[in-house]
Amino acid sequence: MEILQNFQVLFHAKFNVFFKNTQKKSYLNSKSFCITCQKTEFYTMIFMYFYFAARGFPMYKMLYETPRQFGNLFLFSDGRYLTGVCFEGSKDEVKHSACTQILTDSSAVDCFCQTITWLDLYFAGKVPDFVPEFKIENLTPFRQQVLNSLMKIPFGQTVTYGSIAQEFLCADCKKMSAQAVGSAVGWNPIGIIIPCHRVVGSSGNLTGYGGGLENKAALLKHELFYTFNLSASIIKT
């Protein structure tokens, strides 16, 4: 069922792009053309469904241009969900090597529109009140717990790997190393939105960021700047 849903979203996205590219042509308004399109869509969907079910669905990739002090970002999707966010040219980009098609129009994939809106708000110094729909493959229970902890870290604040490990100790009464937490944090495929950049070393040092330490430092500086300005404005009022 999930394969069928993913396929339907994928195919309709492609078909919508086709209509947008040809909507200025007058013959699109003719009844016979519309009927032909409906038949073509139906038979093509049948063929493409079995083709992609056998070979796997393609991934989509889109470049997001960030403000000057940051590296640009790549967004990844399976056609329905956001599956990755990483800095261009970073080690994290290897996690999404299965991408087969680069898009320039975000309207073809809804989750790209959501993600771009989220990132625009974030880089404007605002805290978005929504999260783009995302899906993470190979998500173990431990990784899920770590990612849940990351999502709780407020904008402009940091925690240490050790403090996250301590959360597990308090919750499960099991010993958990900071190294194990660091491995799960570094595995995170949805950068910035799942804010792994807010996790630092025990002495506050910047370590272990697949997007590059310069980008990690820039993100934290960006958040600290807007957090400080917000606090100052509240004091003045």
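Residues numbered from 1 in each chain as written. Predicted model: local features only at pLDDT ≥ 70, side-chain atom pairs only at ≥ 80, totals over all residues. Heavy atoms only, no water.

1. Observations regarding unusual backbone geometry
Backbone geometry places N138, a non-glycine residue, at a positive phi of 55°. Tracing the chain through its elements places N138 in the loop between α3 (110-123) and α4 (141-151). You will see that I192, though not glycine, has its phi angle at about 65°, which is positive. Following the sequence through the fold, I192 ends up in the loop between α6 (178-187) and β6 (199-200). (Helix = DSSP H or I, 4+ residues; strand = E, 2+ residues; numbered from the N terminus.)

2. Section: the confidence of the model for the protein chain
Looking at the protein chain, the pLDDT average stands at 78 and 67% of residues meet or exceed 70. Averaged pLDDT values over the elements of the protein chain bottom out at 49 in helix α1 (residues 2-22) and peak at 96 in α3. Considering only residues more than four positions removed or in separate chains, one finds that residues 1-5, a stretch of pLDDT under 50, has six contacts. Every residue in residues 17-28 scores below 50 in pLDDT, and together they form 11 contacts with partners more than four places removed in sequence or on other chains. (pLDDT = per-residue confidence, 0-100. Contact = heavy atoms within 4.5 Å.)

3. Points about α4
Taken together, the buried positions of α4 are occupied by V146, L147, S149 and L150. Looking down the long axis of α4, one finds its buried residues gathered within 155° of arc, a one-sided arrangement. (Buried < 20%, exposed > 50% of the residue type's maximum accessible area, 1.4 Å probe, protein only. Arc of directions from axis to C-beta.)

4. Describing the pairing of strand β3 (residues 82-87)
Of all six residues that make up β3, six are buried, and the element is covered over most of its length. Inspection of the sheet shows strand β2 (residues 73-77) paired to β3 by five bridges, in the antiparallel sense. Looking at β3, one finds that L75 is bridged to V85. Hairpin remark: β2 followed by β3, antiparallel, with four residues in the connecting loop; positive phi at G79, about 105°. (Pairing = 2+ DSSP bridges.)

5. Some remarks on the side chain of S77
Looking at the element boundaries, S77 is found in strand β2. A residue is classified by how much of its surface remains accessible, and S77, at 0% relative accessible area, is buried.

6. Brief notes about the pattern of salt bridges
A side chain of one charge can pair with a side chain of the opposite charge when the charged atoms of the two come close. One pass over the full model with this rule turns up four salt bridges. Two residues, K135 and E137, come together in a salt bridge whose shortest N-O distance is 3.8 Å. Take K135: its relative accessible area is 18%, and that puts it in the buried class. We note a salt bridge from E223 to R198, for which the minimum N-O separation is 3.0 Å. Note that E223 is positioned in helix α7 (residues 213-236) and R198 in the loop between α6 and β6, a separation of 25 residues in sequence. (Salt bridge = Lys/Arg side-chain N within 4 Å of Asp/Glu carboxyl O.)

7. A look at the nonpolar core
Ranked by internal contacts, the top residues of the largest apolar core, which has 42 residues, are F112, F123, L150 and I192. Counting only elements with at least two residues in this core, the list comes to β1 (59-64), β2, β3, α3, α4, α5 (161-172), α6 and α7. (Core = buried A, V, L, I, M, F, W, Y, C linked by side-chain atoms within 4.5 Å.)

8. Examining the environment of H197
Its location among the elements puts H197 in the loop between α6 and β6. Since its relative accessible area comes to 0%, H197 is described here as buried. Separated by 21 residues in sequence, H197 and A218 place their C-alpha atoms 9.9 Å apart. Excluding residues within four positions of it along the chain, H197 makes contact with Y122, I192, Y209, K216, L219, L220 and E223.

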